[in-house]
Amino acid sequence: MKFRLLLALLTLPLAAQTPPNNLFGTKASDAQPAPADGSAPEDPEASVNTVVITPFRLLALPNAKMVRTFQLSKLNRIGSFETTKELQRLYTAFASQRILDGSPVGSSRATGYLTTINYSLLQDLGDQRFLARAAWPAAGPNDALAAGVDTMAVLLLDKPAKVGDSGKLTGMHVGMVAVRLSAEFPPLAGRRLTLRREAFLECATLEDSPGGLQRFAEAIVAGVELTVLTHEPISCKTCGGLGFTREPQKGQLVDKRNPCAECASTGKVSIAIETKFVP
Ligand SMILES: [Zn+2]
């Protein structure tokens, strides 16, 4: 059900291309009203009270820079990285990246960052899609999804709701969409305009519990292919993990030490690693 609605939200044709100067509007005041005569050639439906949602900027999850294997049968063997503690840590990350659905495994990999959203519904866009005033904390490595503070967003809800409802949900970011609508909220009420807003799909994540971890391990043993993407610190190649680089000084015995910009002098850089789990 959720995925059908997600498709309804996102598989519409990429028809409504917009001038670049309108790309990154983030406030209601940035909204572009339709020409007063309603004769804009790119929008023959200007006077019709329809809602058109088109993908505007798809999100991109980080690609794994390295792939490694976590072998359950090596668990807690001396010298192996497969420890109970590491398994728990990776499972916690795994659970936070999975959304519950009707698939045989019971969950699927989230295709966007998950965050908690406080919202108040402003306008019903049909098919359980709403324009909402919303706030959410940043999510993803390096805050790839910026926090929203009293920001308008498009929400695709799990259950029917009505304008004025407010609440809290777990949302999966599905990118930015362009919404063409006739506004029904002040101060824009009655105006035909296009808003570009972050869109979220309401979802439930996998439970991070001992039982969940047990089922996770059983699925791996049964041969289900499961992976998790995490960001792990590795030694900085530029400075060899020292946090600085050496610069020989003419006539001096001691090299000058320059702080390493690559790792901000920490000696470590964070890279995306995909861990595959095998029996
Ligand atoms: Zn470095």
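First, a word on scope: everything that follows refers to the structure included in this document. Small disclaimer: the values here were computed from a predicted structure and weren't measured. (Residues numbered from 1 in each chain as written. Predicted model: local features only at pLDDT ≥ 70, side-chain atom pairs only at ≥ 80, totals over all residues.)

**Focus: unusual backbone geometry**
Consideration 1: Here Pro186 and Pro187 are connected by a cis peptide whose omega angle stands at 0°.
Consideration 2: Here Ala264, not a glycine, exhibits a phi torsion of approximately 55°, which is positive.
Consideration 3: Within the secondary structure, Ala264 is located in the loop between strand E13 (256-259) and strand E14 (268-278).
Consideration 4: Here the phi dihedral of Ser265 falls at roughly 65°; this positive angle occurs in a residue that is not glycine.
Consideration 5: Taking the number of C-beta atoms within 10 Å as the measure of exposure, Ser265 has 15 and is therefore partly exposed. (Helix = DSSP H or I, 4+ residues; strand = E, 2+ residues; numbered from the N terminus. Buried ≥ 20, exposed ≤ 12 C-beta atoms within 10 Å, placed from the backbone.)

**Structural notes on the sheet that holds strand E3 (residues 66-71)**
Consideration 1: Strand order across the open sheet formed by three strands is E3-E14-E11, with mixed pairing between neighbours. The sheet is open, and its two edges are formed by E3 and strand E11 (226-235), each paired on a single side. Geometrically, the sheet is characterised by an average inter-axis angle of 35° between neighbouring strands, direction not taken into account.
Consideration 2: Summarising the sheet, E3 and E14 pair through six bridges and their orientation is parallel. The residue of E14 that forms the bridge with Thr69 is Lys276.
Consideration 3: Helix H2 (residues 84-96) rests against E3, E11 and E14 of the sheet, and its axis sits at about 120° to E11. (Pairing = 2+ DSSP bridges. Axes fitted to C-alpha atoms, helices over the stretch in contact; angles between N-to-C directions. Contact = placed C-beta atoms within 7 Å.)

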